[in-house]
Amino acid sequence: MYDMKALYEAESVAHAIALRLEHPEAQIIAGGSDVLVQMREGRRAGKELISIYMIDDMRGVSIDEDENIRIGSLTSFSHITRDPIIQKYCGVLGEAVDQVGSPQIRNIGTIGGNTCNGVTSADSASTLHAWEAIVELTGKNGVRRIPIKDFYIKAGTVDIRADEGEIQTAILIPKESYENTYGHYIKYGLRNAMEIASLGCSVNVRLSSDQKTIDRCRIAYGVAGPVPMRAPSAEAVANGSVISAALADEFALAVLNDIHPRNSWRASKDFRLHIAVEMAKRCLIESVKKAGGVLS
Amino acid sequence: MSQYKVVHCNINGKDVERTVDVRASLTDMLRNEYHLTSVKKGCEVGECGACNVLIDGEAFNSCIYLAVWAEGKHIRTLEGLTGPKGELSDIQQAFIDETAIQCGFCTPGFIMTAVEILEANKLYTDDELRKLLSGHLCRCTGYENIFRAVKKTMYKRLGKPIDFS
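Rules and cut-offs
- Residues numbered from 1 in each chain as written.
- Chains lettered and ligands numbered in written order.
- Predicted model: local features only at pLDDT ≥ 70, side-chain atom pairs only at ≥ 80, totals over all residues.
- Helix = DSSP H or I, 4+ residues; strand = E, 2+ residues; numbered from the N terminus.
- Rg over C-alpha atoms; globule rule 2.2 N^0.38 Å.
- Buried ≥ 20, exposed ≤ 12 C-beta atoms within 10 Å, placed from the backbone.
- Contact = placed C-beta atoms within 7 Å.
- Domains from an automatic or database assignment.
- Nonpolar A, V, L, I, M, F, W, Y, C, P; charged D, E, K, R; others polar.
- Pairing = 2+ DSSP bridges.
- Right-handed = clockwise from strand over helix to strand, strands pointing away.
- Axes fitted to C-alpha atoms, helices over the stretch in contact; angles between N-to-C directions.
- Parallel < 35°, antiparallel > 145°, perpendicular 65-115°, else oblique.
- Left-handed = near helix turned anticlockwise from the far one by under 90°.
- Core = buried A, V, L, I, M, F, W, Y, C linked by C-beta atoms within 7 Å.

With that settled, consider the overall build of chain B. In terms of regular secondary structure, chain B is built from five helices and five strands. Starting at the N terminus, the α and β elements of chain B follow one another as β-β-α-β-β-β-α-α-α-α. Against the 2.2 N^0.38 benchmark of 15 Å for 165 residues, chain B shows a C-alpha radius of gyration of 16 Å, consistent with a compact globule. If one aligns the C-alpha atoms of chain B with their principal axes, the spans along those axes are about 60 × 30 × 25 Å. Of all 165 residues assigned to chain B, the portion counted as buried reaches 44%. Contacts spanning at least 24 positions in sequence make up 59% of the contacts within chain B whose residues lie at least 6 apart.

What follows covers unusual backbone geometry. Most peptide bonds are trans, and most residues other than glycine sit at a negative phi. One non-glycine residue, Gln211 of chain A, lies in positive phi territory at about 60°. Here Gln211 of chain A shows up in the loop between β12 (199-207) and β13 (214-222). Taking the number of C-beta atoms within 10 Å as the measure of exposure, Gln211 of chain A has 13 and is therefore partly exposed. Unusually for a residue other than glycine, Asn12 of chain B sits at a positive phi of about 50°. Relative to the elements of secondary structure, Asn12 of chain B occurs in the loop between β1 (4-11) and β2 (14-21).

What follows concerns the domain arrangement of chain B. All names here are of chain B. Here the domain parsing of chain B yields domain 1 (4-78) and domain 2 (90-157). When each unit is reduced to the centre of its C-alpha atoms, the spacing between domain 1 and domain 2 is 21 Å. Looking at the side of domain 1 that touches domain 2 element by element, the count peaks at three residues for strand β3 (residues 52-55). Considered class by class, the residues forming the side of domain 1 that touches domain 2 number eight nonpolar, five polar and three charged.

It is worth spelling out the environment of Val158 of chain A at this point. Residue and element names in this part refer to chain A. Position of Val158 among the secondary structure elements: in strand β9 (residues 157-158). Sequence separation of Val158 and Thr120 is 38 residues, and the distance between their C-alpha atoms is 11 Å. Once you skip the residues sitting within four places of it in the chain, Val158 turns out to touch Cys116, Gly118, Phe151, Tyr152 and Ile153.

Here the focus is the pairing of strand β3 (residues 47-51) of chain A. Residue and element names in this part refer to chain A. Here five bridges tie strand β1 (residues 4-9) to β3, and the two strands are oriented parallel to one another. Looking at β3, one finds that Leu7 is bridged to Leu49. Note on the crossover from strand β2 (residues 27-29) through helix α2 (residues 35-40) to β3: the handedness is right-handed.

All names here are of chain B. Relative orientation of the contacting elements helix α2 (residues 90-97) and helix α5 (residues 144-157) amounts to 135°, with a least axis distance of 9 Å. One finds that α2 runs oblique with respect to α5. Relative to α5, α2 is oriented so that their crossing is right-handed. Of α5, the residues touching α2 (which contributes Asp90, Ile91, Ala94 and Phe95) are Ala149, Lys152, Thr153 and Lys156. The residue makeup of the contact of α2 with α5, split by class, is four nonpolar, one polar and three charged.

What follows deals with the sheet that holds strand β4 (residues 58-61) of chain B. Residue and element names in this part refer to chain B. Ordered in space as β2-β1-β5-β3-β4, the five strands form an open sheet in which the pairing is mixed. The sheet terminates laterally at β2 and β4, the two strands that pair on one side only. Each adjacent strand pair in this sheet contributes to an overall mean axis angle of 40°, direction not counted. Strand direction decides the pairing type here: β3 and β4, joined by four bridges, are antiparallel. Residue pairing for β4: Leu54 is matched across the bridge by Ala59. Across the sheet, helix α3 (residues 107-119) touches β3, β4 and β5 (74-76), and the angle it forms with β3 is around 30°.

Residues and elements named next belong to chain B. Orientation of α3 relative to α5, taken along the N-to-C sense of each, is 30°, at an axis distance of 10 Å. By the angle class used here, α3 and α5 are roughly parallel. For the element pair α3 and α5, the recorded crossing hand is right-handed. In this structure, α3 uses Phe110, Ala114, Ile117 and Leu118 to contact α5, whose residues at the interface are Ile146, Val150, Thr153, Met154 and Arg157. Its residues placed into classes, the contact of α3 with α5 shows seven nonpolar, one polar and one charged.

Taken as a class, soluble globular proteins show a tendency for nonpolar side chains to be buried jointly. With 141 residues, the main nonpolar core has Ile50, Ile52, Tyr221, Phe251 and Ala280 of chain A as its most contacted residues. By residue number, the principal contributor to this core is α3 of chain B, which donates seven residues. When sequence neighbours within four positions are dropped, the list of residues in contact with Ile52 of chain A reads Ala10, Ala16, Ile28, Ala30, Met58, Leu74 and Ile167 of chain A.

Below, the structure is given as structure tokens:
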């Protein structure tokens, strides 16, 4: 038995919004692999929950009328990894979320929960930042769409307006972001399964038509600061540059201008800075290879 | 305040319903209402896999799954694997043959994950198999025998010669 005060089960998005307005103190629960564990350990004990888990309309991946990739917030990690649209246009997201927890956690964990808990180490977060994902929130005043970088306010806090009854309903990846774009994610952890990233790095590139120049490069980290973040200095080095091994080195060193990891029991700041450079380099090289480029 | 709800679902091929406390986990419901004691209470925070069951064909840790979410779902536990006279399934027999059991606490969870693996009808590589089995902790066997039991059964079901090199 969980120590919960009450459970309200939403049957639709509209019902979830109404419940949220009616019970402002209640915690939203999607798959529950964070919320229920925190309830068990006491942190959320005695609280009311609004379950949105049974709203099947919020599951699945599709291409919407504006050609965005639309990922329903309740889509599980394993379904994202297996989805043909994700595999075709944004394979790195499927690879990143395939490193969350264990197979059972990937079956229950949702991309909405992974982002709404506002944790910097979330395996989806760096890739969603690197692909400039849009977060869709639905509340009493309708739909609000914001860039993912604005969604994260500070560690553990995201821009969801509970007083407007908002819940996150989808994550979108715009066509401009995924077209001809290839990426790679590296998670650094001490073991392969049931691990929280010591550092996560996600890079993607779009190459020129002759595949010799990087037209656009984006890089984002998890655990390099209190929220997931891009590394604009490194992107500036790569954008418009001819592909070479020297470029990969220069690009990787430039991340040190942008990131500010901390000391924690998982890893020291110095170690994180050290591996951040190496991960950026490896991710860039792998992304270029996936895009059909050759490192000279 | 007590809050109860009638939950209808299909467990091991049988349509059933029970009134459950909304605070119950699926582990609580399967053990207390249906006496399916193969579903073990281990860590109860989704780390060890001892409570693993199949829901609509996918493996879930039932300890971090609310009982009310079982509404309309098809749930399978280890009890559903045996034949009418209690005959063991091939994967259960393989766990015995390979000595993939010592205390047995992790075994039902491991076997239900193995069922999902086997029913995919794919020949997984060793690395893929290890990743697929990585959601379970066993403090006795060292995993190697469990891995062999699953691999052996996978090869057998696919009619392929077993290669343990």
